[in-house]
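# Summary of the model geometry
Here's the letter readout for the chains.
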Amino acid sequence: MAFHMTQRISLAPARRIAVAFFCAVLALGCTPRAARSPAASPEAAPAAHDMSTMSGAHTGHTMTGLDAPVTIPPGALYVEADVRFMQGMIAHHAQAIYMSRLASEHGANPRLQRFAIKIDQSQTTEIQQMQGWLRANGQMAPDTSSYHTVMMPGMLTPEQIAQLDKATGPDFDRAFLVLMIQHHEGALKMVEDLFATPRAGQDVDVSVFANDVVSVQTAEIGLMRQMLSSLPQSRP
Amino acid sequence: MNQLRTFLTITSAAALLAAAATVGAQTYPTGTDPRDALASGRLDAGVAAKGLTLVSFSNKPAQFDTARGLTFANSDLAFGGNYVYQGNFAGFTIWDVSDAAHPKVVSVVKCTTSQGDPSVYGTLLFISAEGNGNRNDCGNGGVQKPEDHMAGVRIFDVSNPALPRFVTNVQTCKGSHTHTIVPHPKKKNVIYLYVSGSQQARPNTELAGCVNGNDPADEANSLFRLDVIRVPLDHPERSEVVTGARIFTGLDAAPRAAGRPARGGPPPAAGAAPQAPPAPTGPRNCHDVTVYPERHLLAGACGSYGLLVDIRNPEKPFRLSAVSDTNFSLWHTAVFSNDGKKVVFTDEWGGGTSPMCQKSSMLEMGGNTTVTISDDKKFTQHAYFKIPSAQTAQENCVSHNGGLIPVPGRDLMAQGWYQGGVNVIDFTDADHPYEVGYFDRGSIDPSPLRADVPVTPAPAAPPAGGRARGTIGGSWGAYYFNGYIYSSEIDRGFDVMELKPTDQLSANEIAAAKLVRFVNYNPQSQPRLEWPAAFPVVRSYLDQLVRGQGLAAARTTAIDQALTAAERLSGSERRRALTALAAEVEKDVAGAKDAARVRTMASEIRRLAAASR
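If you're wondering where the values come from, they're calculated on a predicted model, not measured in any experiment.

## Remarks on the overall build of chain A
- Across its full length, chain A holds seven helices and two strands.
- Going residue by residue from the N terminus, the α and β elements of chain A occur as β-α-α-α-α-β-α-α-α.
- For chain A, the proportion of its 236 residues judged to be buried stands at 59%.
- Relative to all contacts within chain A whose residues are 6 or more apart in sequence, the contacts with residues 24 or more apart total 74%.

Structural data, given as structure tokens:
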């Protein structure tokens, strides 16, 4: 299975990344330029010690660990590709959440804003599931900052992130939809690669999760293409 | 009329956008629901209930009573006679429910089969198998060689429920996430299974003829089709896939979202504007389909669409209508109203393993929507419904499986919401669905899941003192069958519940429901509900007229007294009294607020008179 490690992706100046990501992970309604205190955040991160470790993760060290060897315990129904899939999909989802949380401050249309919140809420809980599965199986569970350092199929390049971040209003809507379709199709590719790997996808939790990714993201691609087709014409 | 109900009516694109903009402003959930703060515990959780009481709870059989992700998860239910068939990802359990207060395990069959959706027809039990880990021989060691892989439908002979006998595996290209029984319209010894599989087509080398493709119209493509298995009941071992119905073709060409008219595709690239790659956008499979054979209709919950399909010829189903909605994550399952004019579709946002009923969760996602069917068989979408309680982050929760409760004069259904519990919903008015009752336990797990983890490698073993991942549990599905509501608890076991009278549901309505009995019941293959002529049926309508003030109070009181008097009589005396009463009630129709219900009550009184001899 393709699992590309890259140099740390510079999404934006370091300070900006730190604040934006802090918001992205911790608070639904927070804008990327104004972090709030963890205590005020109702979402996603109930345990304080996790936040402290996370704040360490985004302040600049290069993530390590995903290139560490995977040990499969005897008798396990899963193989290395399953572990790599779950680890990589965390990074993949984290970038989708980052993209989604740009929608409100970039003036996305109301329908798209709701859709972005939906992706955010869906994929946040899926990250928890993937981390839960990895931990339950004694495997390394990446945190959400891994999207800075791990490149999976469909993930946006730094240039595409910059393009999305520059756009506002209808231009943002279009860029978001096109790039999120690309992102989702990458997730489908990841599942395809997983199931094409001998002996992979047999663990029932991985199998159910991977099939859910296909069902949900295929449906969302359809909806995004519908939304794309009903956007107003681009300005010349 | 009911404070718990909540809904959005979306009959136009404008309304959708308006709704999308105002949903966030709603004060919902209320924050005062008794289900909100229940104590956690696997077997000692706090309970909140209204209109439903627990008749019995049975632990999972020991063979499946191991918490390990979904490996031993209970799945759906099927009903036959005194037996309830409960699927499990590792096999199935047959319960004898002759005494609903004390269900007995008749047999436990170990057979690794994700996700194990069962249906029963006569002496045959059908079990859905999907995923890469199921073996032809039912073993649990994983698939070692491709030819050992089982994905499709397993068939068992359960003529002796204590000793189920394996008959055959019917392999399909996409496996079987769910399946639905469709009886042959004429031949009594043939049934069909409509199979929905959500995985990619298997490699051609593993199962000949399986093809993954992007063209929905390509006859060779294993995707974009509903697989149809024909089962000769006299020789079930000869069951085979006979066709793949192309009910999705064309859906991507004319996108319509929540009433929005189709428009042209995206304009050509303007400067650096990125372009979406071409790909089919319509669904390539359904998650689940529900058929109503008597009406020759199928409601398909298929990815981003809800479909209405004609099944007059079960081998050649064709699409009549489709509805799509950006507010629906994944069209999951469907329930028809008894008159076949409405469908409740559910949305399995989060796949059933995520906590999507929290206070912060989007209201328009992960619930139900009601769709009406016009005389020319077209869908119109109406309201949303989602449970009004605020569930915790430890409770996987979303709209899931359910079926009708046979109360005359109303469209009532029981439904499972995973760890959101079981509830009863009235969808008589497509624009105003509301909750009639519920039964809910606190979360299985005591403590919140950690939301994120450090980058350092995790310990080699799960941390002591708790489960390393959230336990997936709650009601997979809740169904009314012959007087009780049965719920498959994914992690805990098997629940039997009973309706209790409340201001929203009367003792007469409950008694009338108990008059409807079936031998076999597979919730995704809906039987028509018919009530015998009986006093509780008449009184159900009367109670509904009182509750809804559909007829003047003086008249409902007089009718009540007349019915009581008639019930004390017998034979021809009773017939004469009821005939006279029916004539009186027919005169009430003209002045009644709910004339249709009064008219129906009058005809029920006449039917009861005719039956009194």
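## Looking at the overall build of chain B
- The secondary structure content of chain B amounts to six helices and 30 strands.
- Within chain B, the proportion of its 613 residues that are buried is 56%.
- Put simply, of all contacts in chain B between residues at least 6 apart along the chain, 61% involve residues at least 24 apart.

## Here we look at unusual backbone geometry
Residue and element names in this part refer to chain B.
- The linkage connecting Ser 114 with the following residue, Gln 115, adopts the cis geometry, with an omega of -5°.
- Note that Gln 115 resides in strand E7 (residues 115-121).
- At Lys 377, a position not held by glycine, the phi torsion is positive, near 65°.
- Examined against the element boundaries, Lys 377 turns out to sit in the loop between strand E21 (368-373) and strand E22 (379-385).

## Focus on the confidence of the model for chain B
All names here are of chain B.
- Scored by pLDDT, chain B has a mean of 88; 87% of the residues are at 70 or more.
- Here residues 1-27 is modelled with pLDDT under 50, and outside its nearest four sequence neighbours on either side it reaches 46 contacts, counting other chains as well.
- Contacts from residues 253-278, a stretch scored under 50 in pLDDT, to residues over four places away or in other chains number 45 contacts.
- Reported for the predicted complex are a pTM of 0.87 and an ipTM of 0.86.

## A few points about the environment of Ile72(A)
Residue and element names in this part refer to chain A.
- Tracing the chain through its elements places Ile 72 in the loop between helix H2 (48-57) and helix H3 (80-100).
- When the C-alpha atoms of Ile 72 and Asn 137 are compared, they prove to be 9.0 Å apart, with 65 residues separating the residues in sequence.
- Setting aside anything within four residues of it in sequence, one finds Ile 72 in contact with Tyr 78, Val 79 and Glu 80.

## Some details on the pairing of strand E8 (residues 124-129) of chain B
All names here are of chain B.
- Buried residues dominate E8, accounting for six of its six residues.
- The two faces of E8 match: Leu 124, Phe 126 and Ser 128 on one face and Leu 125, Ile 127 and Ala 129 on the other face are all buried.
- For E7 and E8, the ladder comprises five bridges, and the chain directions are antiparallel. The partner of Val 120 across the bridge, within E8, is Leu 125.

## Some words on the nonpolar core
- Phe176(A), Ile485(B) and Ile605(B) are the most contacted members of the largest nonpolar core, which totals 214 residues.
- Here the element with the most residues in this core is helix H7 (residues 204-229) of chain A; it accounts for 14 residues.
- In contact with Ile485(B), other than residues within four places in its own chain, are Leu52(B), Ala414(B), Val422(B), Ala478(B), Tyr479(B), Tyr480(B) and Met497(B).

## Describing the packing of helix H4 (residues 553-568) of chain B against helix H5 (residues 571-588) of chain B
Residues and elements named next belong to chain B.
- One way to put it is that H4 packs onto H5 with a least axis distance of 9 Å and a crossing angle of 165°. Classified by the angle their axes make, H4 and H5 are roughly antiparallel. Considering only the axes of H4 and H5, their crossing is left-handed. Contacts between H4 and H5 involve Arg 555, Ile 559, Ala 562, Ala 565 and Ala 566 on the former and, on the latter, Arg 574, Ala 577, Leu 578, Leu 581, Val 585 and Asp 588.
- When its residues are assigned to classes, the contact of H4 with H5 shows eight nonpolar, no polar and three charged.

## Considerations on the sheet that holds strand E12 (residues 190-196) of chain B
All names here are of chain B.
- Taking strand neighbours across the sheet as the criterion, the four strands line up as E11-E12-E13-E14 in an open arrangement whose pairing is antiparallel. Whereas interior strands pair on both sides, the edge strands pair on one side only; in this sheet they are strand E11 (178-183) and strand E14 (240-245). Going across the sheet, the axis of each strand differs from the next one's by a mean of 30°, ignoring polarity.
- Note: strand E13 (residues 226-232) against E14, five bridges, orientation antiparallel. The partner of Asp 227 across the bridge, within E14, is Gly 244.

## Comments concerning H3(A)
- Between its first and last C-alpha, H3(A) extends 30 Å over 21 residues, near the 30 Å set by a 1.5 Å rise per residue.
- The element H3(A) is extensively covered by neighbouring structure, given that 20 of its 21 residues are classed as buried.

## Let's talk about the confidence of the model for chain A
- Confidence in the prediction for chain A averages 76 pLDDT; 71% of positions are at 70 or higher.
- Note on residues 1-65 of chain A: pLDDT under 50 across the span, and 108 contacts to partners over four residues away in sequence or across chains.

## As for the sheet that holds strand E9 (residues 152-157) of chain B
All names here are of chain B.
- Across the sheet, four strands lie side by side as E7-E8-E9-E10; this open sheet has antiparallel pairing. Each having just a single partner strand, E7 and strand E10 (165-171) make up the two edges of the open sheet. Between one strand and the next, the sheet's axes are offset by a mean angle of 20°, whatever the strand orientation.
- Pairing of E9 with E10 involves six bridges; the strand directions are antiparallel. The partner of Gly 152 across the bridge, within E10, is Gln 171.

## Considering the packing of helix H6 (residues 169-196) of chain A against H7(A)
All names here are of chain A.
- With their axes 9 Å apart at the nearest point, H6 and H7 run at an angle of 155° to one another. Viewed along their axes, H6 and H7 adopt a mutual orientation that is roughly antiparallel. Viewed along their axes, H6 and H7 form a crossing whose handedness is left-handed. Of the residues in H7, those touching H6 at Leu 177, Met 180, Ile 181, His 184, Glu 185, Ala 187, Leu 188, Val 191 and Leu 194 are Ala 210, Val 213, Val 214, Gln 217, Thr 218, Glu 220, Ile 221, Met 224, Arg 225, Met 227 and Leu 228.
- A per-class count over the contact of H6 with H7 returns 14 nonpolar, three polar and three charged.

## A closer look at H5(B)
Residues and elements named next belong to chain B.
- Compared with an ideal rise of 1.5 Å per residue, which puts 18 residues at 26 Å, H5 spans 26 Å between its outermost C-alpha atoms and is within 8% of the ideal.
- Within H5 the residues assigned to the buried category are Ala 577, Leu 578, Leu 581, Ala 582, Val 585 and Asp 588. For H5, the buried positions fall inside an angular range of 140° around the axis, keeping them on one side. Away from the buried face of H5 by more than 90 degrees, exposed residues Ser 572, Ala 583 and Lys 587 are located.
- Those residues of H5 hidden inside the fold are in contact with H4 and helix H6 (595-611).

## Brief notes about the environment of Ala513(B)
Residue and element names in this part refer to chain B.
- Considering the arrangement of structural elements, one finds Ala 513 in helix H2 (residues 507-514).
- With 25 C-beta atoms counted inside 10 Å, the residue Ala 513 sits in the buried group.
- For the pair formed by Ala 513 and Phe 224, sequence separation is 289 residues and the distance between their alpha carbons is 40 Å.
- In this structure Ala 513 touches Ile 405, Pro 406 and Val 407, once residues within four positions along its chain are discounted.

## A closer look at the environment of Pro74(A)
- When you line up the elements, Pro74(A) lands in the loop between H2 and H3.
- Distance in space between the C-alpha atoms of Pro74(A) and Arg174(A) is 49 Å, their sequence separation being 100 residues.

Thresholds, definitions, all that
Residues numbered from 1 in each chain as written. Chains lettered and ligands numbered in written order. Predicted model: local features only at pLDDT ≥ 70, side-chain atom pairs only at ≥ 80, totals over all residues. Helix = DSSP H or I, 4+ residues; strand = E, 2+ residues; numbered from the N terminus. Buried ≥ 20, exposed ≤ 12 C-beta atoms within 10 Å, placed from the backbone. Contact = placed C-beta atoms within 7 Å. pLDDT = per-residue confidence, 0-100. Pairing = 2+ DSSP bridges. Core = buried A, V, L, I, M, F, W, Y, C linked by C-beta atoms within 7 Å. Axes fitted to C-alpha atoms, helices over the stretch in contact; angles between N-to-C directions. Parallel < 35°, antiparallel > 145°, perpendicular 65-115°, else oblique. Left-handed = near helix turned anticlockwise from the far one by under 90°. Nonpolar A, V, L, I, M, F, W, Y, C, P; charged D, E, K, R; others polar. Expected span 1.5 Å × (residues − 1). Arc of directions from axis to C-beta.

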